[in-house]
Amino acid sequence: MLKQIILSLCLSISNLAIAKSLALSFDDGLDPTVNMAARQINNDILSALKQNKISAIVYPSVSKIGGQAGLDIIAEWGKQGHRIGNHSNLHQSLNKDEVTLPNYLNDMQQAHQTFSSLKGFVPRYRFPFLKEGNTQAKRDGVRQWLSTHHYQPGAVSIDASDWYYNQLFLKYQQANDQESLNKLKQAYIAHLLDRANYYDQLALKTLGRSPQHVLLLHVRAMNAAWLDEVIQAFQQQGWNFIDSDTAYQDPVYKLQLQVLPAGESILWSIAKVYGVENLRYPAEDAPYEYANLQKFGLNIEQ
Ligand SMILES: [Zn+2]
């Protein structure tokens, strides 16, 4: 039954389907009292977006940005015409047994209070770690809260591991290892393009079309350094950038799938419903990247 609903939703707009398109989303934010480069990193990402005339969405978490100084940095996104969503207060995984539904809902509400007065705020929720609940009660309880509070999903269609590549970026940067940084940049761009194509293929296999994608990235030093080249690489591969409001108009983001544990990319969840074989769980993680890094000449101690 669910498959039929998904299929009819997708056929109905198949005539509108155009070349592969994606919106950029950036999670977490940085705390300037912990990371001295926080403001510079944020500015550099915003500059790259401006240069390329791309409107994006940032999903800050209160625990990641710290206090008022971190909030002031996030506010810049709204001032520059980007969207700001809600990525929780404490950045907890809803799939952990010790994270209860009442505490989690309270945490979402606290983050709402912090971010909802910012210019550019939109009521969209991005689940930390893309974990949407390990039980039906938690999964459906949060969905109920979102609906009651007029929230829209802040889903991701293309998941990736930029956070892991960023860890290596910081390590090589600290060691002044320019040769490894060059290799890492090529590996990182290849990783993003590979994940984009993988999730697009999952969509073609299940929905029969390429959706308006949303790519998951983070506000991190590596993206500040390389975002411009990432954008160009996507464009060279035929990808067209759209803003997040446009991307989220795709009906695929309205789907509430009955998968447990819930979460990951929306396309991963759809593939799960369709019984696509060899789906990884978690869908993305650091160990999956060792082979790609090795291909680009980086030997990672595992
Ligand atoms: Zn996060």
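Use the structure listed above.
Here's a quick rundown of the structure. (Residues numbered from 1 in each chain as written. Predicted model: local features only at pLDDT ≥ 70, side-chain atom pairs only at ≥ 80, totals over all residues. Heavy atoms only, no water.)

1. Some details on the overall build of the chain
Phase 1 of the analysis: A count of helical and extended segments in the chain gives twelve helices and nine strands.
Phase 2 of the analysis: Over its C-alpha atoms the chain spans a radius of gyration of 19 Å, differing by no more than 12% from the 19 Å that the globule rule assigns to 302 residues.
Phase 3 of the analysis: Its C-alpha atoms give the chain principal-axis dimensions of roughly 55 × 40 × 40 Å.
Phase 4 of the analysis: Relative to its 302 residues, the chain shows a buried fraction of 54%. (Helix = DSSP H or I, 4+ residues; strand = E, 2+ residues; numbered from the N terminus. Rg over C-alpha atoms; globule rule 2.2 N^0.38 Å. Buried < 20%, exposed > 50% of the residue type's maximum accessible area, 1.4 Å probe, protein only.)

2. What about the pairing of strand β4 (residues 121-125)?
Phase 1 of the analysis: Along β4, four of the five residues are buried, which leaves the element largely enclosed by surrounding structure.
Phase 2 of the analysis: In the sheet, strand β3 (residues 83-86) pairs with β4 via two bridges, with the strands oriented parallel. Pairing of Ile84 across the sheet is with Phe121, part of β4.
Phase 3 of the analysis: With helix α5 (residues 101-115) bridging β3 and the parallel β4, this β-α-β connection has right-handed handedness. (Pairing = 2+ DSSP bridges. Right-handed = clockwise from strand over helix to strand, strands pointing away.)

3. Observations concerning the pairing of strand β7 (residues 212-218)
Phase 1 of the analysis: Taking burial as the measure, the seven residues of β7 include six buried ones, the bulk of the element.
Phase 2 of the analysis: Two elements, strand β1 (residues 21-28) and β7, share seven bridges in a ladder whose sense is parallel. Its bridge partner lying in β7, Leu24 is registered against Leu215.

4. Points about the coordination of the zinc ion
Phase 1 of the analysis: Within the protein, Asp28 (OD), His87 (NE2) and His91 (NE2) serve as the donor atoms for the zinc ion, at 2.1 Å.
Phase 2 of the analysis: Spacing between the donor residues of the zinc ion along their common chain follows D-x58-H-x3-H. In this pair, Asp28 is assigned in strand β1 and His91 in the loop between β3 and α5, connecting sequence segments 63 residues apart.
Phase 3 of the analysis: Of the residues examined, His91 reaches a relative accessible area of 11% and is grouped as buried. (Donors = N, O, S within 2.8 Å, 3.2 Å for Na, K, Ca; no water.)

5. Some words on the environment of Gly85
Phase 1 of the analysis: Tracing the backbone through its elements, the reader meets Gly85 in strand β3.
Phase 2 of the analysis: Its relative accessible area of 0% is what places Gly85 among the buried residues.
Phase 3 of the analysis: The spacing of Gly85 and Lys205 is 120 residues in sequence and 30 Å in space, taken between C-alpha atoms.
Phase 4 of the analysis: Among residues more than four places away in sequence, those in contact with Gly85 are Ile57, Val58, Tyr59, Pro60, Phe115, Phe121, Val122 and Arg124. (Contact = heavy atoms within 4.5 Å.)

6. What about the nonpolar core?
Phase 1 of the analysis: Judged by nonpolar contacts, the single largest core of 96 residues is most densely connected at Leu24, Phe26, Trp77 and Phe234.
Phase 2 of the analysis: The element best represented in this core is helix α8 (residues 178-206), accounting for eleven residues.
Phase 3 of the analysis: The residues contacting Phe234, other than those within four sequence positions of it, are Leu22, Leu192, Leu193, Ala196, Leu215, Trp239 and Phe241. (Core = buried A, V, L, I, M, F, W, Y, C linked by side-chain atoms within 4.5 Å.)

7. Concerning the environment of Ser265
Phase 1 of the analysis: Tracing the sequence through the fold places Ser265 in the loop between β9 (262-263) and α11 (266-274).
Phase 2 of the analysis: With a relative accessible area of 0%, Ser265 lands in the buried category.
Phase 3 of the analysis: With 134 residues separating them in the primary sequence, Ser265 and Lys131 have C-alpha atoms 9.7 Å apart.
Phase 4 of the analysis: Once residues within four sequence positions are removed from consideration, Ser265 is found in contact with Leu130, Val156, Ser157, Asp159 and Tyr199.

8. Details of the packing of aromatic side chains
Phase 1 of the analysis: In the structure shown here, the tally under the stated rule is 15 aromatic pairs.
Phase 2 of the analysis: Between Phe169 and Trp226 the ring centres are 5.1 Å apart and the planes differ by 85°, which places this aromatic pair in the edge-to-face class. With Phe169 in helix α7 (residues 162-174) and Trp226 in helix α9 (residues 221-236), this residue pair connects regions lying 57 residues apart in the sequence. Take Phe169 and Trp226: they sit in the same class, and that class is buried. (Phe/Tyr/Trp six-rings, centres within 6.5 Å; stacked < 30°, edge-to-face > 60°.)

9. Details of helix α6 (residues 136-148)
Phase 1 of the analysis: If you check α6, its first and last C-alpha atoms are 18 Å apart, about what 13 residues at 1.5 Å a residue would give, namely 18 Å.
Phase 2 of the analysis: Taken residue by residue, α6 has Lys138, Arg139, Gly141, Val142, Arg143, Trp145 and Leu146 as its buried positions.
Phase 3 of the analysis: Check the buried side of α6 and you find it contacts α5, β4, β5 (131-133) and β9.
Phase 4 of the analysis: His150, located one to two residues past α6, shows a positive phi value of around 55°. (Expected span 1.5 Å × (residues − 1).)

10. Considerations on the environment of Ser25
Phase 1 of the analysis: Inspection of the secondary structure assignment puts Ser25 in strand β1.
Phase 2 of the analysis: We classify Ser25 as buried; its relative accessible area is 0%.
Phase 3 of the analysis: Beyond its immediate sequence surroundings of up to four residues, Ser25 is in contact with Ile57, Tyr59, Arg126, Val214, Leu215, Leu216 and Leu217.
Phase 4 of the analysis: Polar side-chain contacts of Ser25 include one of 2.7 Å to the backbone oxygen of Leu215. (Polar contact = N/O pair within 3.5 Å; in protein donor to acceptor, adjacent residues only side chain to side chain.)

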